[in-house]
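What the coordinates show
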Amino acid sequence: MAAPEDHARSGFAARVMLGRVFAPVPSEFLLIASTALLLTGFGLVMVLSATMAVDGANPFDTVLKQAVFALLGIPIMFIVSRFPVRFWKRMAWPALILGLMLQLLVFVPGLGVHNDGNTNWISIAGFQAQPSEFLKLSLAVWLGFILYRKRTLLSKWQHVFIPVVPVGALVIGTVMAGHDLGTAMIIMAILLGCLFFSGVKLRLFLLPAIGVVVAAAVFAVTSPNRMARIMSFLNVDSTDCYFADAGSCYQPLHGVWALASGGVFGLGLGNSREKYQWLPAAANDYIFAIVGEELGLIGCVVVLALFALFAVGAFHVIRKTDDPFVRIVSGGIVVWIVGQALVNIGVVLRVFPVLGVPLPFMSQGGTSLMSGLIACGVLLSFARTLPTRDPAATPIAPARTASARSLARR
């Protein structure tokens, strides 16, 4: 029979563990988590609306698949948020190696899937995944660890470039080997973002930035398909490129027309006309056009506001932390998610040429949703390390003595 002291000790331990679970979290944690959940829920609604017009198929098939990834990704996000910072430092090299190995699977015959000129997916037992989405997160964590370890040596260009530039070039090269320029450009932005938040001197930062611009230009010029999209983007006469060049601006124009027909208040949820076989990627890269058509300018502003709040929460983590590793990785993640959102929205608005990047949390695609939620989990784990204000710990001013009260009366 257990001693009373053992029961008291076990009860105390249980209370301590329960206290850790319900311990107060910083406001940054709540802001990042709430915006991610709202964007995910909003995305599920819009995916359902955009895919209900598919002929000969169950209108709920696509959204149910997306919902499965959401139901898996959200608990994983909160589980990942419990991991300490030292775990991510230890996982930097294994995560990068695993991400590269998964990315190389796209070149294995029978596994790699070729779609729209890109080979950036794998298919296993009927399940398709895009390994480059997880490669973004693994690269951000690896860059944070390497630049954190070299934080006292970053004034020398040799330590800035090695091994960051060779490994970054390897990662970008594996993605570009599948002809996915959009994803490669997001990875380039992650690399530059991590270098910027590491505190590298401007003159050392400009060299990789120039290299990224030159590499993107070379990749664009060497592909006739990419050059056709860029030239159609630069073509002022929209109807001319609509009927010529094999319809190179067919999808961009229908995206703009969707936004224009939505006006301020939209046509109403589910009332899109462009999703009826007019806009090919209505649930993927052009889901923001469906938001604008059905919910109008108000719906678009809500999406932009949610991404802005997400960025505010992430930048608060960057500003308040004392750990260079946390600052660098958080910077890479916010450049990835917010930067990719801006690129996607810019493509829909025809501010940028078509690059083929999804809208984080909202576009159809289980791999993109999972990687984004896991990246949010990493940010949340970093947010837990920030100081919190505990109301119970607020010091209470001592009561005035009788003599002090008498003096106050006088």
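Everything that follows concerns the structure shown earlier in this document.
The sections below set out a description of the structure shown in this document.

What counts as what
- Residues numbered from 1 in each chain as written.
- Predicted model: local features only at pLDDT ≥ 70, side-chain atom pairs only at ≥ 80, totals over all residues.
- Heavy atoms only, no water.
- Helix = DSSP H or I, 4+ residues; strand = E, 2+ residues; numbered from the N terminus.
- Buried < 20%, exposed > 50% of the residue type's maximum accessible area, 1.4 Å probe, protein only.
- Contact = heavy atoms within 4.5 Å.
- Areas by Shrake-Rupley, 256 points an atom, 1.4 Å probe, with all protein chains shown as cover.
- Phe/Tyr/Trp six-rings, centres within 6.5 Å; stacked < 30°, edge-to-face > 60°.
- Lys NZ or Arg CZ within 6 Å of the ring centre and 35° of its normal.
- Core = buried A, V, L, I, M, F, W, Y, C linked by side-chain atoms within 4.5 Å.
- Pairing = 2+ DSSP bridges.
- Axes fitted to C-alpha atoms, helices over the stretch in contact; angles between N-to-C directions.
- Polar contact = N/O pair within 3.5 Å; in protein donor to acceptor, adjacent residues only side chain to side chain.

Broken down by element type, the protein carries 17 helices and three strands. Across the 410 residues in the protein, those meeting the buried criterion constitute 47%. The long-range share in the protein, meaning contacts at least 24 apart out of those at least 6 apart in sequence, stands at 72%. A total accessible area of about 20,300 Å² is found for the protein, and carbon and sulfur atoms account for 69% of it.

The subject of this paragraph is the packing of aromatic side chains. Aromatic rings in a pair are described by how distant their centres are and how their planes are angled relative to each other. Enumeration according to the criterion identifies 12 aromatic pairs in this entry. Relative to W142, the ring of W93 has its centre 5.4 Å away and its plane inclined at 80 degrees; by these criteria the two rings are edge-to-face. Of this pair, W93 sits in helix α5 (residues 92-104) while W142 sits in helix α6 (residues 131-149), placing them 49 residues apart in sequence. Aromatic ring contacts, followed pair by pair, group F196, F197, F205 and F315 into a single cluster. Taking the ring centre of Y148 as reference, the NZ or CZ of R151 above it sits at 4.4 Å.

When you line up the elements, S368 lands in helix α16 (residues 366-383). On a C-alpha basis, the gap between S368 and S132 in space is 9.2 Å, while along the polypeptide they are 236 residues apart. Aside from chain neighbours lying at most four places away, what touches S368 is E133 and P358.

All right, on to the nonpolar core then. Core analysis: the largest hydrophobic core is formed by 109 residues, its most contacted members being F325, F361, M362 and F382. Ignoring sequence-local partners within four residues, the contact set of M362 consists of L39, F42, G43, M46, V47, I287, V291 and V303.

Cis geometry marks the peptide bond from I162 to P163; its omega dihedral reads 5 degrees. Tracing the chain through its elements places P163 in the loop between α7 (157-161) and α8 (164-176). The phi torsion at H179 lies on the positive side, around 65 degrees, for a residue other than glycine. Assignment of secondary structure puts H179 in the loop between α8 and α9 (181-197). Phi is positive for F361, which is not a glycine, with a value near 70 degrees. Following the sequence through the fold, F361 ends up in the loop between α15 (324-348) and α16.

Okay, the sheet that holds strand β1 (residues 112-115) next. Sheet strands associate in pairs through backbone hydrogen bonding, adopting either a parallel or an antiparallel arrangement. Spatially, β1-β2-β3 is the arrangement adopted by the three strands of the open sheet, whose pairing is antiparallel. What marks the edges here is a single partner per strand, and that holds for β1 and β3 (127-129). On average, each strand axis in the sheet is tilted by 40 degrees relative to the strand beside it, whichever way the strands run. Examined bridge by bridge, strand β2 (residues 118-124) and β3 share three bridges and lie antiparallel to one another. Residue pairing across strands places I124 opposite F127, the latter belonging to β3.

Mapped onto the secondary structure, K136 falls in helix α6. Side-chain polar atoms of K136 contact the side chain of Q340, separated by 2.8 Å. Once residues within four sequence positions are removed from consideration, K136 is found in contact with T183, I186, I187, I190, W336 and Q340.

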